[in-house]
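Chain and residue survey
Chain by chain, the residues run as shown.
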Amino acid sequence: MKTKVAVFGAGGRMGAEVCRAVAADPELELVAAVDPHHAGLDLRQVTGVDLPIQLGASAEQLAHADPDVAVDFTQLEASRQNLAWLAEHGVHAVVGTTGFTDADYARFEATFTRSNCVIAPNFAIGAVLMMRFAELAAPYFESAEIIELHHENKIDAPSGTAMHTAERMAAASDAWAPDPTTNTVLDGARGGRDVGGIPIHSVRVRGLVAHQEVILGTTGQTLTIRHDTTDRTSFMPGVVLGVKAVGDRPGVTIGLEDLLDL
Ligand code: NAP
């Protein structure tokens, strides 16, 4: 039997891509789509997917479709509300929306008791490997900085991937050299450094998709680990894997690496 899938944010860049990926997978059935600002429009118009589905305005409007799994690529506050609804109604969630806090994660742990939730700040396999390589390299270097680069419409900074990378590097090593800067002429010039003291710099430029560089340094050498996403389809194998795996992962799973056994 096919897994029934609903998509939140179907009118967005990622959500529309998810609709196409789900519709193209023989084991999945796209049964509902939600996007308040595109509500009432045909799925075909919005995503090009030729199924008789009208976009709904809110989570309540996907109840009739009885989905097994809902995918959410929306905005932070919308996603919080969608996840609360999914947990309450026992629908599995696969979440790509970024910007969640530790308090959000704690709430998801507490509320996803009837269904499961997979949250990944990055569904691209190359990005997952980049994070793993950065974590492996961390203990061998004294300095590290992260530069994340995204398209001009990204509204949160730094990216969830950059935060997650810094967290994993900070967990792998706490022996980072202190920042030598004593005179900051321009506020923010040394980036944000909330996680383990590892600076994160965010770049927003038209024409980019999603990119990240981790630069590590020690005496006489540097190591640069870089990942480039050149097309949003790069995220889809990870999203489809999440949709197929979420039913067997009780509670909340954070990061695609868990599903890939990395
Ligand atoms: P986007 O194009 O702005 O799409 C977001 C969509 O969600 C918009 O169509 C928006 O509608 C809609 N929306 C807003 N409130 C909603 C609600 N309550 N229910 C359903 N839909 C709602 O943004 P995007 O580029 O697709 O990115 C979406 C999220 O995914 C961001 O947080 C981004 O950082 C994240 N992302 C994650 C990954 C990953 O691999 N995890 C990859 C890329 C992006 P309106 O615009 O009309 O308000």
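That block above? That's the structure.
This section reports on the structure supplied with the text. Predicted, not measured: the structure shown is a model, and the values here were computed from it.

**A word on the site of the ligand**
Neighbouring the ligand are 24 residues; Met 14, Asp 35, His 37, Thr 98 and Phe 123 lie closest to it. One of the backbone N or O atoms of Gly 9 is found 3.2 Å from a nitrogen atom in the ligand. At 3.1 Å, a backbone N or O of Gly 96 approaches a nitrogen atom of the ligand. Burial of the ligand by the surrounding chains reaches 83%, relative to a free accessible area of 920 Å².

**What to know about the sheet that holds strand 5 (residues 117–119)**
Pairing in this open sheet of six strands is parallel, and the strands run 2-1-3-4-5-10 from one edge to the other. The outermost strands of the open sheet, each flanked by one partner alone, are strand 2 (28–34) and strand 10 (252–254). Averaged over all adjacent pairs, the angle separating strand axes in this sheet is 20°, with direction ignored. Relative to strand 2, strand 1 (residues 3–8) runs parallel, the two being bridged by six bridges. Within strand 2, the residue paired with Val 5 across the bridge is Leu 30.

**Some details on the packing of helix 1 (residues 13–24) against helix 7 (residues 236–245)**
Where helix 1 meets helix 7, the closest approach of the two axes is 10 Å, and the angle between their N-to-C directions is 65°. In terms of orientation, helix 1 lies roughly perpendicular with respect to helix 7. Note that helix 1 runs across helix 7; the crossing there is right-handed. Each of Met 14, Glu 17, Val 18 and Ala 21 in helix 1 lies in contact with helix 7, whose residues at this interface are Met 236, Val 239 and Val 240.

Basis of the calculations
- Residues numbered from 1 in each chain as written.
- Predicted model: local features only at pLDDT ≥ 70, side-chain atom pairs only at ≥ 80, totals over all residues.
- Heavy atoms only, no water.
- Near = heavy atom within 4 Å.
- Polar contact = N/O pair within 3.5 Å; in protein donor to acceptor, adjacent residues only side chain to side chain.
- Areas by Shrake-Rupley, 256 points an atom, 1.4 Å probe, with all protein chains shown as cover.
- Pairing = 2+ DSSP bridges.
- Helix = DSSP H or I, 4+ residues; strand = E, 2+ residues; numbered from the N terminus.
- Axes fitted to C-alpha atoms, helices over the stretch in contact; angles between N-to-C directions.
- Parallel < 35°, antiparallel > 145°, perpendicular 65-115°, else oblique.
- Left-handed = near helix turned anticlockwise from the far one by under 90°.
- Contact = heavy atoms within 4.5 Å.

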